[in-house]
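Observations on the model geometry
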Amino acid sequence: MKCPFCSEADTKVIDSRPADDNSSIRRRRQCTKCGKRFTTYEKLETIPLMVIKKDRSREAYDRSKIEAGIIRSCHKRPVSIQQIGQVVDEIENRIFTMEEKEVETSVIGELVMQKLKDLDEVAYVRFASVYREFKDVNTFVEEVSKLLKSK
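These lines cover the structure that appears in this document, whether it is placed above or below. (Residues numbered from 1 in each chain as written. Predicted model: local features only at pLDDT ≥ 70, side-chain atom pairs only at ≥ 80, totals over all residues. Heavy atoms only, no water.)

1. Let's talk about the overall build of the chain
Of regular secondary structure, the chain possesses five helices and six strands. Scanning the chain from its N terminus toward the C terminus, one meets helices and strands in the order β-β-β-β-β-α-α-β-α-α-α. The C-alpha atoms of the chain give 23 Å as radius of gyration, which overshoots the globular expectation for 151 residues (15 Å, by more than 25%). By its C-alpha atoms, the chain is 70 × 35 × 30 Å across when sized along the principal axes. Each of the 151 residues in the chain was classed as buried or not, and the buried ones make up 29%. Of the contacts formed within the chain by residues at least 6 apart in sequence, a portion of 41% connects residues at least 24 apart. As displayed, the chain offers around 10400 Å² of accessible surface, 50% of which is attributable to carbon and sulfur atoms. Across the chain, 30 positive and 26 negative side-chain charges occur, with their mean positions spaced 4 Å apart. (Helix = DSSP H or I, 4+ residues; strand = E, 2+ residues; numbered from the N terminus. Rg over C-alpha atoms; globule rule 2.2 N^0.38 Å. Buried < 20%, exposed > 50% of the residue type's maximum accessible area, 1.4 Å probe, protein only. Contact = heavy atoms within 4.5 Å. Areas by Shrake-Rupley, 256 points an atom, 1.4 Å probe, with all protein chains shown as cover. Lys, Arg positive; Asp, Glu negative; His and termini not counted. Charge placed at Lys NZ, Arg CZ, Asp CG, Glu CD.)

Interpretation in functional terms is not warranted from these geometric data alone.
Below, the structure written as structure tokens:
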């Protein structure tokens, strides 16, 4: 944080506490160069993330949809809810670190497939069969043979 008095880039936080509205942090800072004190307010910037679906329609991002898809793929597999939660967290972190306001479902789907491939191969094939809309058994077999070749 830059000092408003002398423009020094190096300042230190002296005190931190929630602001009156409880949605921001009030920080007392002191400049290391001129010694003057000032107050800053830190507030989380929320960027509404929109998901672009295959039909090009848009809807608000919903974490539970990713989670539900992974849970369905891991049904009766030796994958714990904690592992699923961790995978969803990792996917969500990747999505939000892109710093885009809109993300296509294809990007999310590929991220899910990458994570499932490492987590559980059966869950990966289950998810891929729905996500890639396998039309027949041959496409299913092709996907499984790709998986076997990558080992």
